[in-house]
Amino acid sequence: MDKTGKYEFLAEPFHCDFSGRLFMGHLGNHLLNAADFHSTARGFGMQYLMGINRSWVLSRLAIEMTEMPPQYTRFSVETWVESAMRYFTSRNFAVTGDDGKCYGYGRSIWAMIDTQTRQPTDIYSIDNGAIEQWIVKDRECPIDKGGRVKMSEGAETVRSIDTYYNDVDINGHVNSVKYIEHVLDLWPIAWYAKYAIRRFEIAYVAEAHAGDRLTMQREQTGEGEYCVRIVRGDGTECCRSKVVFCEKG
């Protein structure tokens with residue numbers, strides 16, 4: 001079996017925005033599905049892990065797109081493991097069209113947790129460190145890895161929302177992609193008529209659950225660059241995000 005997995009998806013019309021391009025949130029779902037397909041086929045996926053009280057949780061995600069796939073377009077997500085350490089593993093993505101066109105790339109960092117204690121657990125304890133045989137050392141991902149999203153204490157509070165059933169995933173906490181959607185909803189449709197998302201980064205810090213009230217704080221940190229902090233009701237920071245926009249041609 002190849003170390004790199006390649007999976008085909010369709011930009012379904014109801015997964016696209018008003019401009020007829022795939023929503024960033026749905027692209028995020030496709031990347032996470034590709035990661036699960038890849039890891040499951042190689043013996044360290046969610047289906048196996050849940051049976052031994054383990055689970056993958058997304059720690060960081062960066063997506064950089066030249067353009068989003070238009071509706072009805074078939075495209076592929078290639079994914080491969082770049083590196084692994086005791087508690088974290090790095091996984092990359094390439095989004096390509098059937099004609100070989102490259103739409104963009106993604107980088108992610110994952111942790112493995114014990115589903116009972118919710119604490120990180122040793123990745124190499126699974127099948128005697130079998131993940132090591134799937135690491136791809138000779139393929140580069142051309143986008144920046146990203147770093148800590150820096151925000152000041154003066155960030156403006158722009159919205160608070162409640163969380164419900166549809167926000168929660170198989171791990172019992174607010175779904176990773178839901179945070180992406182909540183962040184991108186901070187800009188109106190008129191903004192997206194003029195600007196496209198060039199790069200999206202998010203770093204997850206703490207879990208939120210159904211019933212938690214999430215407050216979003218935003219500040220502009222550069223030309224077309226904005227940072228967002230999401231905090232739950234008890235003051236705990238759940239995640240930080242950075243969005244870089246470019247003007248549409």
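This text gives an overview of the structure that appears in the document. The shown structure was predicted, so the numbers you read here are calculated from the model rather than taken from an experiment.

This part is about the overall build of the protein. From N to C terminus, the protein includes four helices and ten strands. Ordered by position from N to C terminus, the α and β elements of the protein give β-α-α-β-β-β-β-β-α-α-β-β-β-β. Its C-alpha radius of gyration of 18 Å places the protein within 12% of the 18 Å reference for a compact globule of 249 residues. Burial analysis of the protein (249 residues in total) assigns 50% to the buried set. Working note: accessible area of the protein is about 12,300 Å², and carbon and sulfur atoms make up 48% of it. Separation of charge centres in the protein, based on 29 positive and 34 negative side chains, amounts to 2 Å.

Looking now at the packing of aromatic side chains. Aromatic ring pairs: the centre-centre distance and the angle between the two ring planes describe each pair. For the coordinates displayed, the defined rule picks out twelve aromatic pairs. Taken together, the aromatic side chains of Trp187, Trp191, Tyr192, Tyr195, Tyr226 and Phe245 make up a single cluster linked through ring pairs. Sitting over the ring of Trp80, Arg139 keeps its end group 3.9 Å from the ring centre. The ring of Trp187 is capped by Arg218, whose NZ or CZ atom sits 5.1 Å from the centre of that ring.

Moving on, we get to the pairing of strand E4 (residues 88-97). Among the ten residues in E4, nine count as buried, and that is most of the element. Two strands pair when backbone bridges link them, and strand E3 (residues 74-84) and E4 are joined in this way by nine bridges, in the antiparallel orientation. Along E4, the bridge assignment pairs Trp80 with Asn92. Taken together, E3 and the strand that follows it, E4, pair antiparallel across an intervening segment of three residues. The pairing of E4 with strand E5 (residues 102-114) spans nine bridges and is classified as antiparallel. In the strand pairing of E5, Thr96 is matched with Cys102. Where E4 folds back onto E5 in an antiparallel hairpin, the turn is made up of four residues, including Gly100, whose phi is positive at roughly 90°.

Pairing is antiparallel in the open sheet, where ten strands are placed in the order E1-E3-E4-E5-E2-E7-E10-E9-E8-E6. Of all strands in the sheet, those with a lone pairing partner are strand E1 (5-10) and strand E6 (156-162), marking the two edges. Taking the axes of each pair of neighbouring strands and ignoring which way they run, one obtains an average angle of 25° across the sheet. Sheet contacts for helix H1 (residues 24-41): E1, strand E2 (54-65), E3, E4, E5 and strand E7 (195-204); angle to E1, the most-contacted strand, approximately 145°. On the sheet, helix H3 (residues 176-184) packs against E2, E6, E7, strand E8 (213-222), strand E9 (225-232) and strand E10 (237-247) and is oriented at approximately 135° with respect to E7.

Relative to the helices and strands, Phe14 resides in the loop between E1 and H1. Distance from Phe14 to Tyr72, taken between C-alpha atoms, is 10.0 Å for residues 58 residues apart in sequence.

The full count for this structure, using the stated rule, is one cavity of 30 Å³ or more. Estimates place the volume of the largest cavity at around 50 Å³. Here the residues of the lining of the largest cavity sort into seven nonpolar, one polar and no charged.

Counted according to the given criterion, the structure contains 15 salt bridges. A salt bridge links Asp114 to Arg54, with the shortest nitrogen-to-oxygen separation between them at 3.1 Å. Of this pair, Asp114 sits in strand E5 while Arg54 sits in strand E2, placing them 60 residues apart in sequence. Note on accessibility: Asp114 and Arg54 belong to one class, buried. Of the charged contacts in the structure, one is a salt bridge between Lys101 and Glu67, with a shortest N-O distance of 2.5 Å. Taken together, the positions of Lys101 in the loop between E4 and E5 and Glu67 in the loop between E2 and E3 put the pair 34 residues apart, joining distant regions of the chain.

Looking now at the packing of H1 against H3. As a packed pair, H1 and H3 sit with axes 9 Å apart at the nearest point and diverge in direction by 160°. Between H1 and H3, the interaxial angle falls into the category roughly antiparallel. For H1 against H3, the interelement crossing comes out right-handed. Where H1 approaches H3, its residues Met24, Gly25, Gly28, Asn29 and Leu32 are matched on the opposing element by Ser176, Val177, Ile180, Glu181 and Leu184. Broken down by class, the residue content of the contact of H1 with H3 amounts to five nonpolar, four polar and one charged.

Parameters at a glance
Residues numbered from 1 in each chain as written. Predicted model: local features only at pLDDT ≥ 70, side-chain atom pairs only at ≥ 80, totals over all residues. Heavy atoms only, no water. Helix = DSSP H or I, 4+ residues; strand = E, 2+ residues; numbered from the N terminus. Rg over C-alpha atoms; globule rule 2.2 N^0.38 Å. Buried < 20%, exposed > 50% of the residue type's maximum accessible area, 1.4 Å probe, protein only. Areas by Shrake-Rupley, 256 points an atom, 1.4 Å probe, with all protein chains shown as cover. Lys, Arg positive; Asp, Glu negative; His and termini not counted. Charge placed at Lys NZ, Arg CZ, Asp CG, Glu CD. Phe/Tyr/Trp six-rings, centres within 6.5 Å; stacked < 30°, edge-to-face > 60°. Lys NZ or Arg CZ within 6 Å of the ring centre and 35° of its normal. Pairing = 2+ DSSP bridges. Axes fitted to C-alpha atoms, helices over the stretch in contact; angles between N-to-C directions. Contact = heavy atoms within 4.5 Å. 1 Å grid on protein atoms, 1.4 Å probe; cavity = no way out; pocket = protein on both sides within 12 Å on 5 of 7 lines; lining within 4 Å. Points joined across faces, edges and corners; volume = space filled by probe spheres on them. Nonpolar A, V, L, I, M, F, W, Y, C, P; charged D, E, K, R; others polar. Salt bridge = Lys/Arg side-chain N within 4 Å of Asp/Glu carboxyl O. Parallel < 35°, antiparallel > 145°, perpendicular 65-115°, else oblique. Left-handed = near helix turned anticlockwise from the far one by under 90°.

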